[in-house]
Amino acid sequence: MTAILAPSRRDEDQLESTFKLRKRTSRRTAADWVLLTGVVVIGILIASPFLLVLINSFKSPSDYAANGPLSLPKALYFKGIADFWNYVDFPLKLWNSFYTSAAAALLAVLISVLNAFAIGIGRVRGRTWIIILFLLANTIPQEGLLYPLYYMFKQVDLYDTTWSIIIVFTVIQSAFGTYLLSSVFGTFPKEILEAAALDGASRWQILWRVIVPIVRPTLSVMMIFFFIWTWNEFLIPVTMLISNDNQTVPVAISLLQGDKIMDVTTTSASALLGLLPTLVFFLIFQRTLARGITAGAVK
Amino acid sequence: MVTVPTSRRPRRISRSLLPASGRGSFWFYLVPGFVLLTVIVIIPMLWNVFLSFTSWRGILAPVWVGLDNWVQLFHDGDFWLSFRNSIAMIIAMVVIPTLIGLVVAAILFDLIGKKFGGRVASFLRATYYLPQLLPGVIAAVVIGWVLRPENGALNTILGAVGLSSLEHNWLGDPSTALLSVMAVMVWVQIGYPVVIFMAALQRVDPELYEAAELDGAGWFQRFRAITVHIIRPEIFVVTLTCTIAALKVFGPVFTLTRGGPGNATLVPSYYSFTEFFTAQQVGYGATIATAMTIIIVVLSIAFIRAQDRMERAEEER
């Protein structure tokens, strides 16, 4: 693109020049290849830590010491992964992360729907301020809530239980969900609502039988995002979940760095086990996410 | 992923979208959300502000000390250092990714997508986005592993290509620790602006480009005058959300350096965490956290107002 020096074409016939321009853009110049190489190199740089972690997780420490990080494993070695897996009781951590994230995502969508029904459809008085309040809740740093939450959860015996995480992230995610969904509900076709009301449906029925089925795609994108965001959280989980049995995947892996079992290939295995779940979610939800990544981005 | 509300929409008299119904009973639907919000966010937030005026070890009742903590904060070299490190995080998470993201998104969209095929462009975009999917602490573990001191991948590679003089204890040396944490954040963050900007570029009318080209505008001129201009709302959103995220960085610092060596990588979030739970100076930790809350809220309001003003100026033209 940079190589196309556009000479002045004003005196030429407009149509013809446009045609020539179109034709020319499909030709690849040397500069195009240079730029392609540039973006591919950036891509390789970004991908290389993943590849390094992948090949070194299946290497024995002596293989690593002898041949370094760049060679492929001489023989597939699963002991690093197995050691870490057993040492942290990885299935338990996976399960903790999974059900806390799923519960928070589900409850957050439910709360968002109820809030957005009042704000977007019901248009309650002062709704602008209500939305600002919810956005504020989503924006303020979690360290500004941390100690009071810690103290409160201790008082009600929810400290060091996964319930503390589920409750906190239900609220934080639903604050964002309320904001997003209120504007979606605000543009809901009035005719459909009127028709349902004429048929004698109550508000509760209209919400669950008419509105929710229609906005279901938006709700599922929201739920996936809330799930992944909760899975990735760290500050509040590392504060609340002190027993091994309650920890989530990121907390367990972070706390073990520098531990005596963490030789070079076991550390690599811990990184691999930590990144695999999110990559798997991404592959499963790819289609929904591709639609959703830009959902809510500025129109 | 966050839209910034603008006050552009005309003010209409608020009426429910549901006909023949008073507005009163809709409040019922807000009750669960409001109760939860009050208990989990509003009360803790106000409580935390209150604690910043007290001295508290977390056991006996807090003792009111007025502005003592705030005076101490303004004279606390460690706090200002942690704040300087936050600016380093802004460079790593906002400035570098946005600038690179703009150029890369334009190259992928205009050139790679059109001349080498959409599949190449979307494959590269997915590759850039990959680190964004990880929990921040896992990203830190991955890069921390690459940067390991004795037998780390980076040092081994440097040695192998004859640059062993550059081998380094990247995270253990105060002069490179902050740069290493910044590297983690750049790696994590780079894909976000690329994805958002590429989506935004679909709004750019190709005829505008052709017209500009016919008028003799060079690539950079077109990029600045058309591309950057049209996707400005996205640039605003990316800058705002990433700046807020940069001020909140905690996990990577906790995982890789615990603020060290010395205080080289101390960030406000980690500082308040250690005041809460290690030093047990809850009042002072609350002061740091309150200061961060104020900075983030003020920044958000300033950003949104600036964007609003810009859009209105645009409309009046």
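Residues numbered from 1 in each chain as written. Chains lettered and ligands numbered in written order. Predicted model: local features only at pLDDT ≥ 70, side-chain atom pairs only at ≥ 80, totals over all residues.

*Asks:* Tell me about the overall build of chain A, and name the residues and values.
*Replies:* Each helix and strand counted, chain A has 14 helices and zero strands in total. Counting from the amino terminus, chain A carries its helices and strands in the arrangement α-α-α-α-α-α-α-α-α-α-α-α-α-α. Long-range pairs, those at least 24 residues apart, make up 78% of the contacts in chain A between residues at least 6 apart in sequence. (Helix = DSSP H or I, 4+ residues; strand = E, 2+ residues; numbered from the N terminus. Contact = placed C-beta atoms within 7 Å.)

*Asks:* Summarise the overall build of chain B; cite the residues concerned and give the values.
*Replies:* Per the secondary structure count, chain B includes 14 helices and two strands. Considered along the principal axes of its C-alpha atoms, chain B spans approximately 80 × 75 × 35 Å. Burial statistics for chain B: of 317 residues in total, 44% are counted as buried. For chain B, the proportion of contacts with a sequence separation of at least 24, taken over those separated by at least 6, is 71%. (Buried ≥ 20, exposed ≤ 12 C-beta atoms within 10 Å, placed from the backbone.)

*Asks:* Can you explain helix H6 (residues 153-160) of chain B? Please cite residues and give values.
*Replies:* The periodicity of an α-helix, 3.6 residues per turn, causes residues three or four positions apart to be oriented the same way. Those residues of H6 of chain B that fall on the buried side of the exposure criterion are Ala153, Leu154, Asn155 and Thr156 of chain B. Next to the buried residues of H6 of chain B lie helix H2 (30-56) of chain A together with helix H5 (136-146) of chain B. Gly162 of chain B occupies a position one or two residues after H6 of chain B and carries a positive phi of about 80°.

*Asks:* Explain the domain arrangement of chain A to me, and be specific about the residues and the numbers.
*Replies:* On domain assignment, one finds that chain A holds domain 1 (14-83) and domain 2 (89-256). Inter-centroid distance (C-alpha atoms) of domain 1 of chain A to domain 2 of chain A is 37 Å. (Domains from an automatic or database assignment.)

*Asks:* Describe the interface of chain A and chain B, listing the residues and the values that go with them.
*Replies:* Contact with chain A, which involves 87 residues of that partner, is made by 93 residues of chain B. In terms of residues, the side of chain A that touches chain B owes the most to one element, H2 of chain A, which gives 12 residues. Across the side of chain A that touches chain B, the residue classes break down as 53 nonpolar, 25 polar and nine charged. (Nonpolar A, V, L, I, M, F, W, Y, C, P; charged D, E, K, R; others polar.)

*Asks:* Before we move on, can you summarise the confidence of the model for chain A with the specific residues and values?
*Replies:* Scored by pLDDT, chain A has a mean of 82; 87% of the residues are at 70 or more. Scored below 50 in pLDDT, residues 293-299 of chain A makes 15 contacts in the model with residues more than four places away or belonging to other chains. (pLDDT = per-residue confidence, 0-100.)

*Asks:* Hey, could you go over unusual backbone geometry for me, with residue numbers and the actual values?
*Replies:* One non-glycine residue, Asp157 of chain A, lies in the positive phi region at around 60°. Of the residues examined, Asp157 of chain A has 10 C-beta atoms within 10 Å and is grouped as exposed. Residues other than glycine seldom take positive phi values, yet Gln280 of chain B does so here, at roughly 55°. The exposure class assigned to Gln280 of chain B is partly exposed, which follows from the 14 C-beta atoms found within 10 Å.

*Asks:* Describe the packing of helix H3 (residues 77-116) of chain B against helix H4 (residues 118-129) of chain B, and please don't skip the residues or the numbers.
*Replies:* Residues and elements named next belong to chain B. Close contact between H3 and H4 brings their axes to 6 Å; oriented N to C, the two are set at 135°. As summarised for this structure, H3 and H4 are arranged oblique, according to the angle between their axes. The segment H3 lies against H4, with Leu108, Phe109, Ile112, Gly113 and Phe116 engaging Gly118, Val120, Ala121, Leu124 and Arg125. For the contact of H3 with H4, the residue count by class is seven nonpolar, two polar and one charged. (Axes fitted to C-alpha atoms, helices over the stretch in contact; angles between N-to-C directions. Parallel < 35°, antiparallel > 145°, perpendicular 65-115°, else oblique.)

*Asks:* Quick one: what's the story with the environment of Pro149 of chain B, residue by residue and with numbers?
*Replies:* Mapping Pro149 of chain B onto the fold places it in the loop between H5 and H6. Assessed through the 13 C-beta atoms surrounding it within 10 Å, Pro149 of chain B is described here as partly exposed.

*Asks:* Could you give an account of the packing of H2 of chain A against H3 of chain B, naming the residues involved and the relevant values?
*Replies:* Contact geometry for H2 of chain A and H3 of chain B: axes closest at 10 Å, N-to-C directions at 120°. One way to sum up the angle between H2 of chain A and H3 of chain B is to call them oblique. Crossing of H2 of chain A over H3 of chain B shows left-handed handedness. Contacts between H2 of chain A and H3 of chain B pair Asp32, Leu35, Leu36, Val39 and Ile42 of chain A from the former with Val104, Ile107, Leu108, Leu111, Ile112, Lys115 and Phe116 of chain B from the latter. Split into classes, the residues belonging to the contact of H2 of chain A with H3 of chain B amount to 10 nonpolar, no polar and two charged. (Left-handed = near helix turned anticlockwise from the far one by under 90°.)

*Asks:* Go over the confidence of the model for chain B with me, naming the residues and quoting the values.
*Replies:* Taken over all residues, the pLDDT of chain B has a mean of 85, while the share at 70 or more is 93%. Below a pLDDT of 50 lies the segment residues 1-13 of chain B, which in the model reaches 17 contacts outside its immediate sequence neighbourhood of four places, other chains included.

*Asks:* Give a description of the environment of Leu106 of chain A that names residues and reports values.
*Replies:* Along the chain, Leu106 of chain A falls in helix H5 (residues 90-121). We classify Leu106 of chain A as partly exposed; it has 15 C-beta atoms within 10 Å.

*Asks:* Explain the nonpolar core to me, using residue names and the numbers behind them.
*Replies:* Core analysis: the largest hydrophobic core is formed by 157 residues, its most contacted members being Leu108 and Val142 of chain B. The element contributing the most residues to this core is H3 of chain B, with 15 residues. Counting the residues that make up this core, at least three belong to each of domain 1 (14-83) and domain 2 (89-256) of chain A. For Leu108 of chain B, the residues in contact, after removing those within four places along its chain, are Val39 of chain A together with Gly113, Ala121, Leu124, Arg125 and Met198 of chain B. (Core = buried A, V, L, I, M, F, W, Y, C linked by C-beta atoms within 7 Å.)

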